[in-house]
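Chains, contacts and geometry: an overview
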Amino acid sequence: MNTPTEMTLLIVGVVGATSLTSYVVGSRSLGLSTTDLSAAVKKMLDCIGTILIFTVLNLAIGAASILSARFLMGRFVSLYFLNDETWVVLSALQGLTWALWRQAGRSRPSISRRT
Amino acid sequence: MRNSVTPMDSPLVCSLRTARRTLARMPTLLGLGIIVLFVVSAFTPMANVLAESVAVRPEVAPADAIVVLAAGGASSSGALSDNSLRRAISGIDLYLKGLAPLLVFSGNDPDASRAESRIRAHMAQEFGVSPQGVLTSSGANTTREEATRVKGLLWPRGVRNILLVTDADHMIRAAPVFTHAGFRVFAVPVNEPEWDLGPGDRLDLLRGTLREIVALLYYRIAGYL
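Residues numbered from 1 in each chain as written. Chains lettered and ligands numbered in written order. Predicted model: local features only at pLDDT ≥ 70, side-chain atom pairs only at ≥ 80, totals over all residues. Heavy atoms only, no water.

Within chain B, the secondary structure is distributed over seven helices and five strands. Each helix (α) and strand (β) of chain B, taken in turn from the N terminus, gives the series α-α-β-α-β-α-β-α-β-α-β-α. A compact globule built from 225 residues would reach a C-alpha radius of gyration of about 17 Å, whereas chain B, at 24 Å, exceeds it by more than 25%. For chain B, the spread of C-alpha atoms along the principal axes amounts to about 85 × 35 × 35 Å. (Helix = DSSP H or I, 4+ residues; strand = E, 2+ residues; numbered from the N terminus. Rg over C-alpha atoms; globule rule 2.2 N^0.38 Å.)

The following block contains the structure:
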């Protein structure tokens, strides 16, 4: 019988193995710098955090719109509308785009406005 | 050079720069926080511990009526949602065990083909529940409205003690709402979470529990409880 523990071990095992393999391939075969890895992790965390901000923002505005419709227009709209994965997926696209945009701006050589 | 602090900068400029740097670092810190939360939620029993700490204990005892709450309605072809079916079967089971003489099915029932309460009532009769023992309550959009409508249906019949049937996470809010409406509630949560769950099920459990905690908080703030 398959158990949840076996499922957890499979997930952790496979993801751990592909992470290790990609690290070895990146650092040895592709010659990627290992010091750049921490910068990449930081950028990834920045993307995830921005996605979280967009998700919370979208859900808060969604909830406010639903409650406004209920109390101001007297029309019932279910708060369960917020319980849909689409919110997270679209917020992820927004957050990712925003974070990458910011990162692109940072990596471009800055032109000092002070002369 | 723009971000560096020089002796010429005033304390206000310094604190503005510090605030700006902290704000710029916020997404990274939030990202770290959410990944830690994800790992802890998916790979430890944290979701179970949280669900357990807010769960309403099951209490199966003889009562005046069994109240089965609505769950996602029915499709246009008349098929009940999984949750609706699970709750209905649990209610029918309690009735057939003789725990109450009345079985009440609640439902949103937007039209005749998607009348969740009537589809469930029909199903109960197919399982051998007597037509006189089944009541339906329709038109409620929220748990609070369900409590109000069920009270309107059962209060005149002298029903005060009810076996309340709903999902374990929804029971966190439903039991206090029906208690607030004046019923003595014996909670019969269906679909109680297992301890030994896979990562995806743990995340689902956490999401359901957090949703109900937020909803309960909203009910308290709105003065419904």
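Moving on to the packing of helix α5 (residues 143–154) of chain B against helix α6 (residues 168–180) of chain B. Residues and elements named next belong to chain B. In contact at an axis separation of 9 Å, α5 and α6 are set at 40° when each is read in the N-to-C sense. The angle between α5 and α6 falls in the class oblique. Two packed elements cross with a definite hand, and for α5 against α6 that hand is right-handed. Residues T143, R144, E146, A147 and V150 of α5 touch α6, and the partners they reach there are H170, R173, A174, V177 and F178. Per-class residue counts for the contact of α5 with α6 are five nonpolar, two polar and three charged. (Axes fitted to C-alpha atoms, helices over the stretch in contact; angles between N-to-C directions. Parallel < 35°, antiparallel > 145°, perpendicular 65-115°, else oblique. Left-handed = near helix turned anticlockwise from the far one by under 90°. Contact = heavy atoms within 4.5 Å. Nonpolar A, V, L, I, M, F, W, Y, C, P; charged D, E, K, R; others polar.)

Right, let's get into the confidence of the model for chain A. Overall, the prediction assigns chain A a mean pLDDT of 90, with 93% of residues at 70 or greater. For chain A, helix α3 (residues 85–107) of chain A is the element with the lowest average pLDDT, namely 93, and helix α2 (residues 35–72) of chain A is the one with the highest, namely 95. (pLDDT = per-residue confidence, 0-100.)

Residues and elements named next belong to chain B. An ideal rise of 1.5 Å per residue puts 18 Å on 13 residues; α6 measures up with 19 Å between its terminal C-alpha atoms. When the local axis directions of α6 are compared, the greatest deviation, roughly 30°, occurs at A174, which is followed within four positions by the proline P176. Those residues of α6 lying buried are A168, H170, M171, I172, R173, A174, A175, V177 and F178. Two residues or fewer after α6 comes G182, characterised by a positive phi angle close to 115°. (Expected span 1.5 Å × (residues − 1). Bend = angle between axes of the 7 residues up to and from the residue. Buried < 20%, exposed > 50% of the residue type's maximum accessible area, 1.4 Å probe, protein only.)

Right, let's get into the sheet that holds strand β2 (residues 103–107) of chain B. In sheet architecture, strand pairing relies on hydrogen bonds along the backbone and comes in two forms, parallel and antiparallel. Residues and elements named next belong to chain B. One open sheet holds the five strands; their spatial order is β3-β2-β1-β4-β5, and the pairing between them is parallel. Every interior strand has two partners, whereas the edge strands, β3 (134–138) and β5 (184–190), have only one. Looking at each pair of strands side by side, their axes are set apart by 25° on average, direction ignored. Lying over the sheet, helix α3 (residues 82–96) contacts β1 (65–68), β2, β4 (161–167) and β5, oriented at roughly 150° with respect to β4. Seen against the sheet, α5 touches β1, β2, β3 and β4 and runs at an angle of roughly 140° to β3. (Pairing = 2+ DSSP bridges.)

Below, the discussion takes up the interface of chain A and chain B. Every contact between the two is made by 26 residues of chain A and, on the other side, 24 residues of chain B. In this structure, the connection of chain A to chain B is made through one salt bridge. When the shortest N-O distance is used, the salt bridge between B:R207 and A:E85 registers 3.4 Å. At the junction of chain A and chain B, the tally comes to three residue pairs in polar contact (both at pLDDT 80 or more). Breaking the side of chain A that touches chain B down by element, the ones donating at least two residues are α1 (4–29), α2 and α3 of chain A. With twelve residues, α2(A) is the single largest residue contributor to the side of chain A that touches chain B. (Salt bridge = Lys/Arg side-chain N within 4 Å of Asp/Glu carboxyl O. Polar contact = N/O pair within 3.5 Å; in protein donor to acceptor, adjacent residues only side chain to side chain.)

This part takes up a nonpolar patch on the surface. On the surface, A:L20, A:Y23, A:V24, A:L37, A:V41 and A:M44 cluster together into a nonpolar patch covering about 520 Å² of accessible area. Position of A:V41 relative to the elements: it lies in helix α2. (Patch = residues over 30% accessible without salt bridge, like charges linked within 9 Å, V, L, I, M, F, W, Y side chains within 5 Å. Areas by Shrake-Rupley, 256 points an atom, 1.4 Å probe, with all protein chains shown as cover.)

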